[in-house]
Amino acid sequence: MQVRLWVDPVCPFCWMTSRWLVRVAALRDLRIELLPISLMVKNASTPENPYPEAMVAGHGLLRVMEAVRAAGHADRLGDLYTEYGRRLHVRGEGRVDAAAALVAVGLDPALAAAADDDARDAAIAAAMAEGLALVGDDVGTPIIAVEHPRRPGVEVGLFGPVITELPDAEASLRLWDGFLAMVATDGFFELKRTRTSAPARLDESDL
């Protein structure tokens, strides 16, 4: 099954959901395509309330991912996103050295220059528009889309799931089956409860 996942590298909730989806992919033969959704672009900025530095940095990392895609290495985006997450969410580094992350996954470090180049912003905006067309504007990250289980050729998506802990293999599959049931249910829009904790810190074995 083809799955499209919209991510912003700096979002810890998105990171946890991505690790869950990677775990499911190994058990259900999912093919995950990563797409950008920039929290910097999504969240309004004013002179009185400028973009947080982390969101600006995340947007730069998305530009690098789009440069990697344009260079013909879309199949390596999962590795690069994982490396970003390893540095940000596992090791707790405050800022990702994009060139070092590229080198770590065997890609050209020169692509890191894209972080400061707005030439990739059109591709980011187009991908965001696709994701938001499926789920509406009143969401953040992550967004997941799949082909409708009963309507071939029709793509459906949902914001989330938002999780703070990585489920084990059995629980991950139950959650995936629940996601598929919800995304395929006409008229379904929302399930929610107030978050009471931040995402747990994963370790290298969870990647």
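Our subject is the structure listed above.
The model shown is predicted, which means the values in this text are computed figures rather than measured ones.

Caption draft 1: How the structure looks around the overall build of the protein chain. Of the regular secondary structure elements, the protein chain holds seven helices and four strands. Helices and strands appear in the protein chain in the N-to-C order β-α-β-α-α-α-α-α-β-β-α. Taking all 207 residues of the protein chain together, 46% fall into the buried category. Partitioning the contacts of the protein chain with sequence separation of at least 6, the portion at a separation of at least 24 is 71%. Accessible surface computed for the protein chain: about 10600 Å², of which carbon and sulfur atoms make up 52%. For the protein chain, the centre of its 21 positive side-chain charges and the centre of its 30 negative side-chain charges are spaced 4 Å apart.

Caption draft 2: Spotlight on the nonpolar core. With 62 residues, the main nonpolar core has Trp20, Leu21, Met65, Leu80, Tyr84, Leu102 and Trp176 as its most contacted residues. Beyond its immediate chain neighbours, meaning those up to four positions away, Leu21 contacts Val3, Leu5, Leu30, Ile32, Ile144 and Trp176.

Caption draft 3: Up close: the pattern of salt bridges. For the coordinates displayed, the defined rule picks out 14 salt bridges. Salt-bridge contacts for Glu83 lead to Arg86; the nearest nitrogen and oxygen are separated by 2.4 Å. On the criterion of helical spacing, the pair formed by Glu83 and Arg86 is a turn pair, its members being three residues apart in helix H4 (residues 77-90). Of the residues examined, Arg86 reaches a relative accessible area of 17% and is grouped as buried. Ionic contacts of the salt-bridge type, sharing partners, join the residues Glu83, Arg86, Arg87, Arg91, Glu93 and Glu204 into one network.

Caption draft 4: Structural view of the sheet that holds strand E2 (residues 31-36). In spatial order, the strands read E2-E1-E3-E4; together these four strands make up an open sheet with mixed pairing. In the strand order of this sheet, the two ends are held by E2 and strand E4 (155-159), each with one partner. Taking each pair of neighbouring strands and ignoring which way they run, the sheet shows an average axis angle of 25 degrees. Where strand E3 (residues 143-147) and E4 come together, five bridges link them in antiparallel fashion. Paired with Ala145 across the strands is Gly157, a residue of E4.

Caption draft 5: Just the packing of aromatic side chains, in detail. A full pass over the atoms with the stated rule returns three aromatic pairs. With a centroid separation of 5.8 Å and an interplanar angle of 55 degrees, the aromatic rings of Trp15 and Tyr81 are classed as tilted. With Trp15 in helix H1 (residues 12-28) and Tyr81 in helix H4, the pair connects residues that are 66 residues apart, well separated along the chain. For the residue pair Trp15 and Tyr81, the accessibility class agrees, reading buried in each case. Their ring planes at 15 degrees and their centres at 5.5 Å tell us that Trp176 and Phe179 sit as a pair that is stacked. Taken together, the positions of Trp176 and Phe179, both in helix H7 (residues 169-183) and three residues apart, correspond to about one turn of that helix. Put simply, the rings of Trp20, Trp176 and Phe179 pair up and form one aromatic cluster. For the cation-ring pair, Arg195 lies above Phe13, with the distance from its terminal atom to the ring centre recorded as 4.3 Å.

Caption draft 6: Structural detail: unusual backbone geometry. Geometrically, the link from Thr141 to Pro142 is a cis peptide bond, its omega value of 5 degrees lying close to zero. Along the chain, Pro142 turns up in the loop between helix H6 (121-135) and E3. Of note, the bond from Gly160 into Pro161 is cis; its omega dihedral lies within 30 degrees of zero at 5 degrees. With respect to the element layout, Pro161 can be found in the loop between E4 and H7. With a phi angle near 55 degrees, Asp29 is a residue other than glycine that sits in the positive phi range.

Caption draft 7: Spotlight on the packing of helix H3 (residues 53-70) against H4. Packing of H3 against H4 leaves a shortest axis separation of 10 Å and a crossing angle of 160 degrees. Classed by the angle they form, the pair H3 and H4 counts as roughly antiparallel. Judged by the twist between their axes, the crossing of H3 over H4 is right-handed. Contact residues: Leu61, Val64, Met65, Val68 and Arg69 in H3; Leu77, Leu80, Tyr81, Tyr84 and Leu88 in H4. Residue composition of the contact of H3 with H4, by class: nine nonpolar, no polar and one charged.

Conventions used here
- Counting restarts for each chain, with residues numbered from 1 along the sequence as it is written.
- At least 70 in pLDDT is required for a residue's local features to be given in this predicted model, at least 80 for side-chain atom pairs to be given and counted, and no such filter applies to totals for whole chains, interfaces and linings, which use all residues.
- With hydrogens and water excluded, all non-hydrogen atoms of the structure serve as input to the side-chain values.
- For helices the rule is a DSSP run of H or I covering at least 4 residues; for strands it is a run of E covering at least 2, with both sets numbered from the N terminus onward.
- Think of it in three bands: with a 1.4 Å probe and only protein chains considered, a residue is buried below 20% of the maximum accessible area for its type, exposed above 50%, and partly exposed in between.
- Throughout, a residue-residue contact means that at least one pair of heavy atoms, one from each residue, lies within 4.5 Å.
- Under the convention used here, a 1.4 Å probe and the Shrake-Rupley method define accessible areas, while residue burial counts only the protein chains that appear.
- In this tally, Lys and Arg are treated as positive and Asp and Glu as negative; His is ignored, and so are the chain termini.
- The atoms used to mark charge sites are NZ of Lys, CZ of Arg, CG of Asp and CD of Glu.
- Only buried residues count toward a nonpolar core, which is a set of Ala, Val, Leu, Ile, Met, Phe, Trp, Tyr and Cys residues joined through side-chain atoms within 4.5 Å.
- By definition, a salt bridge exists where a carboxyl oxygen of Asp or Glu is found within 4 Å of a side-chain nitrogen of Lys or Arg.
- In short, DSSP must find at least two bridges between two strands for them to pair.
- Fitted lines through C-alpha atoms give the axes, limited to the stretch in contact for helices. The angle between two N-to-C directions lies from 0 to 180 degrees.
- Only rings of Phe, Tyr and Trp enter the pairing, Trp through its six-membered ring, and a pair is recorded when the two centres are within 6.5 Å. The plane angle decides the type: under 30 degrees is stacked, over 60 is edge-to-face, the rest tilted.
- Charge-over-ring placement is defined geometrically: NZ (Lys) or CZ (Arg) within 6 Å of the ring centre, and within 35 degrees of the ring normal.
- Angle categories: roughly parallel below 35 degrees, roughly antiparallel above 145, roughly perpendicular from 65 to 115, and oblique for all the rest.
- Handedness of a helix crossing follows the sense of rotation of the near helix relative to the far helix, less than a right angle counterclockwise being left-handed and clockwise being right-handed.
- Residues are grouped as follows: Ala, Val, Leu, Ile, Met, Phe, Trp, Tyr, Cys and Pro are nonpolar; Asp, Glu, Lys and Arg are charged; every other residue, Gly included, is polar.

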